[in-house]
Amino acid sequence: MTRKDASLCWPVLLAAVCRLPGLGGEAAAASRSAEGGLAVPLSQPYFLRLLANTPELLVAEVGDAGVGVLVQAQTQSRRVTLSQSQAFPRDASYNGTSPGLWIPLKESALRASFFIRSEENVTALVSVVPYREQDPVPGACNTEFDMENDPNVHLGFTAHETVVEFAPANLGAARNLSPPACDVGQGTHSRWRLTYDLYQYFLSEVDVSEAGLFDGLARMSSVQNVEQYGRKIASLTSFDKTRLLVSPFASIGVIYAVVVRDPLRHAASLYVPVSTYSCGLAPPGPCRGQGPVSSRVFFAVLGLYGLFVCFAGHRFPVAGLFFLGFLLFCLLSFVLVGRFSGASYDLCLVSAAVTGGLGGALFALCGWRLRAPLLLTALAGLVPGFLLAAVIMFTPLVNEKMLRSDVLFWTCVTAISIVLPAVVLAYPRALSILSCAWVGSYTAVLMVGSYLPTSLPYILLSVIRRAVSPLFSQAIILAPFQSTDGALLALWAVLAVGGAASQHFLTRDEPPFPRGPHPSRGESQGPPACDERSALLGGAEGRRESCR
């Protein structure tokens, strides 16, 4: 719905909240209604403290403000339950960190009452927003979830995707009229004319506090605010499935909001916004870093070795070949084991590290023994080519409908991966320096990114997820770009340029590729030794010269 008054009170409330140590104190004076419950102001968020297992009755004076009210409660990580009944029946209750209820008002109703409870002490932000008869009713045509009218945005999680679901809406109706039937007819007179827009809003990457979340919710508290601050990531008609897949970004809070629009009445309503951090908030949870300890140890070792390769990879070609071979075989192993074995993440990581070590050793041995730098550099060039493809596929281009096809997607990735080494193959020294500098610097960024909330590691991870999970081809990938991302992107550029300059300086007086300890076939190690079968040409002096 389009209401500005509901959002104007947020800054005042948030100022009161932020002044309280640990969110302590009362944001507003509580008053008891005639029914004995706490009186909740209409269209004004109310800061409420809940005691564990103590249901609280809340009453809102609605008068003739509308045909129904949308009740919602917001917490950061603790679950609360909203219900119209003190018994909290399953079909009339919703439990979560952002629960919501739609309460239709009878013709003579002057107030709306509901109950809220929690299994532990928690601070919740409660609001009651009235809806007019021309406003669409969120979730009023629910057939998937427990409540008859479900205005909530439901989040589900798989190993690689965030699932966003919501129930279809219905047309609004006056208090004394029954709402239109949900599945009778599909013309412009029915709910099938409604459209849906999904928005997302990323919270600050360094702030996982309640105040930071409430500030983000203030920016997503009304249709106008959602349109101003949110980023539209999908548009649906009533004939589309109300289920979307989104790529998660651990440690970075995000708020999802759904706006339903009635194009005939020029009205819009907002579902209850929902937030997630895609990780646990309790320390030392994954929100303190980019994944489990095994990942951080792996990327720390890889990043340190990558720094050495970045600045001296071409000076020590065997070390550079080992590094690039390790990455190539490591990626292949992780994808194959993760896709076809169903093994845990840690097991996939160990398998990838072992296979990568063997592949890197094979590359290094071939470079040291066979002296075939052109062939090995071409093979190693696939790694920076693949990284280039991952960067391109991390842009909004990947959300185009045609790239949902796995065949076309992997054809593009393969083509881009081959183009870079093919174009630069005529300059093997430049290709070697470029590969070591660019890929080595990225692993250093991965090392830093494993301890900071940033989206840059997902450049590579998104392509790996696409290879491992069949569902990820339908996921929407729209990454945030915040201050940490900008700093790490600048670090990547500085390391890459500095690494390329360092390698060029270290090898400026040397041949393109240093000679190995073993000569290639057909190449002589020195003058032949003289014996009794040596040719007698040119006399004694000639024989001595030819035998030196």
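Provided above is the structure to which this section pertains.
Sequence order as written defines the numbering, with residues in each chain counted from 1. Given that this is a predicted model, residues contribute local features only at a pLDDT of at least 70 and side-chain atom pairs are listed and counted only at 80 or more, while totals for whole chains, interfaces and linings are drawn from all residues. The side-chain quantities take in all heavy atoms of the structure and omit both hydrogens and water.

Our focus in this paragraph is the overall build of the protein chain. Each helix is a run of DSSP H or I of at least 4 residues and each strand a run of E of at least 2, with the numbering of both proceeding from the N terminus. Tallying secondary structure elements over the protein chain gives 13 helices and 18 strands in all. For the area figures, the Shrake-Rupley method with a 1.4 Å probe applies, and any residue is considered shielded solely by the protein chains shown. Entry remark: accessible area of the protein chain is about 25400 Å², with carbon and sulfur atoms responsible for 62%.

Quick look at the pairing of strand β8 (residues 111-118) now. At least two bridges found by DSSP between two strands is the condition for calling them paired. Note that strand β3 (residues 56-61) and β8 share six bridges and pair antiparallel. Each residue of the ladder has a partner; that of Val59, found in β8, is Ser113. Sheet topology note: the strand β5 (residues 80-83)/β8 ladder contains four bridges and is antiparallel. Bridge pairing links Ser83 to Phe115 in β8.

Another point: the state of the cysteines. Here, two cysteine sulfur atoms that lie within 2.5 Å of each other are counted as a disulfide. Per the stated rule, a full pass over the model turns up one disulfide. A disulfide-free cysteine, Cys436 has its sulfur positioned 8.7 Å from the sulfur of Cys310, the nearest such atom. Each residue gets one of three labels from its accessible area relative to the maximum for its type: buried under 20%, exposed over 50%, partly exposed in between, using a 1.4 Å probe on protein chains only. Overall, Cys436 belongs to the buried group, its relative accessible area being 3%.

Residues other than glycine seldom take positive phi values, yet Asn53 does so here, at roughly 55°. The topology assignment puts Asn53 in the loop between β2 (46-50) and β3.

The next point concerns the pairing of β3. Two faces, one strand: in a regular strand the side chains alternate between the faces of the sheet. Of all six residues in β3, five are buried, a share of seventy percent or more. In terms of strand pairing, strand β1 (residues 38-39) meets β3 through two bridges, oriented parallel. Paired with Leu38 across the strands is Leu58, a residue of β3.

What follows is about the environment of Thr276. Relative to the elements of secondary structure, Thr276 occurs in strand β17 (residues 274-276). Residue Thr276 is classed as buried on the basis of its relative accessible area of 9%. The sequence separation of Thr276 and Phe202 amounts to 74 residues, and the corresponding C-alpha distance is 9.9 Å. Beyond its immediate stretch of four places on either side in the chain, Thr276 contacts Leu155, Phe157, Ile252, Gly253, Val254 and Tyr256. We call two residues in contact when some of their heavy atoms are within 4.5 Å.

This paragraph deals with the sheet that holds strand β4 (residues 68-74). Strand order in the open sheet formed by four strands is β2-β9-β4-β7, and the pairing between neighbours is antiparallel. Sheet topology places β2 and β7 (100-104) at the edges, where each strand pairs with a single neighbour. Across the sheet, the mean angle separating the axes of adjacent strands is 25° when strand polarity is ignored. Every angle, taken between N-to-C directions, lies between 0 and 180 degrees, and every axis is a line fitted to C-alpha atoms, over only the stretch in contact when it is a helix.

Taking 1.5 Å of rise per residue, the 25 residues of helix α6 (residues 345-369) would be expected to cover 36 Å, and the 36 Å separating its terminal C-alpha atoms lies within 8% of that figure. Of the residues making up α6, those classed as buried are Cys348, Leu349, Ala352, Gly356, Gly359, Gly360, Phe363 and Ala364. To estimate how far a helix should extend, the number of its residues minus one is multiplied by 1.5 Å.

Looking now at the packing of aromatic side chains. Geometry of aromatic contacts follows a simple scheme: Phe, Tyr and Trp rings, the Trp one being its six-membered ring, pair when their centres are within 6.5 Å, and the pair is stacked under 30 degrees between planes, edge-to-face over 60, tilted otherwise. Enumeration according to the criterion identifies 19 aromatic pairs in this entry. Here the aromatic rings of Phe249 and Tyr458 are separated by 4.9 Å at their centres, their planes lie at 70°, and the arrangement is edge-to-face. In this pair, Phe249 is assigned in the loop between β14 (243-246) and β15 (254-262) and Tyr458 in helix α11 (residues 458-468), connecting sequence segments 209 residues apart. A relative accessible area of 3% places Phe249 in the buried class. Overall, Tyr458 belongs to the buried group, its relative accessible area being 3%. A centroid spacing of 4.9 Å and a plane angle of 45° characterise the contact between Tyr442 and Trp492, whose relative ring orientation is tilted. Of this pair, Tyr442 sits in helix α10 (residues 428-449) while Trp492 sits in helix α12 (residues 483-506), placing them 50 residues apart in sequence. Like Tyr442, the residue Trp492 is buried in the burial classification. Through a chain of ring-to-ring contacts, three or more aromatic side chains come together here, namely Phe298, Phe299, Tyr305, Phe308, Phe316, Phe322, Phe323 and Phe326. It is Arg191 that lies over the ring of Trp192; its NZ or CZ is 3.9 Å from the centre. Placement of a positive charge over a ring is assigned whenever Lys NZ or Arg CZ falls within 6 Å of the ring centre and within 35 degrees of the normal to the ring plane.

With that settled, consider the nonpolar core. Nonpolar side chains in soluble globular proteins tend to end up buried together. Membership of the largest hydrophobic core comes to 76 residues, with the highest contact counts inside it found for Tyr196, Leu198, Ile233, Tyr256 and Tyr271. Sort the elements by how many residues they give to this core and helix α5 (residues 317-340) lands first, with eight residues. Once residues within four sequence positions are removed from consideration, Leu198 is found in contact with Val164, Arg231, Lys232, Ile233, Ala234, Leu244, Tyr256, Ala257 and Val258. To qualify as a nonpolar core, a set must consist of buried Ala, Val, Leu, Ile, Met, Phe, Trp, Tyr and Cys residues joined through side-chain atoms within 4.5 Å. Counting 26 residues, the second-largest nonpolar core is a separate cluster that includes Val69, Ala73, Leu105 and Met147.

Now for the pattern of salt bridges. Between side chains of opposite charge, pairing is possible as soon as their charged atoms come close. By convention in these notes, a salt bridge is any Lys or Arg side-chain nitrogen within 4 Å of a carboxyl oxygen on Asp or Glu. For the coordinates displayed, the defined rule picks out twelve salt bridges. Of the charged contacts, one joins Asp183 and Arg191 as a salt bridge, the two residues approaching to 3.3 Å between their closest N and O atoms. Classification of Arg191 by relative accessible area gives buried; the value is 6%. Salt-bridge contacts for Asp215 lead to Arg219; the nearest nitrogen and oxygen are separated by 3.8 Å. Looking at Asp215, the relative accessible area reads 35%, which means it is partly exposed. Each of Asp197, Glu227, Lys232 and Arg261 takes part in one network of salt bridges that share partners.

Along the chain, Thr75 falls in the loop between β4 and β5. Polar contact criterion, stated in full: a pair of N or O atoms within 3.5 Å, where within protein one must be able to donate a hydrogen and the other to accept it, and residues adjacent in sequence count only if both atoms are side-chain atoms. A distance of 2.4 Å separates a polar side-chain atom of Thr75 from the backbone oxygen of Arg78. Excluding residues that lie within four positions of it along the chain, Thr75 makes contacts with Val80, Thr97, Val122, Thr123, Ala124 and Leu213.

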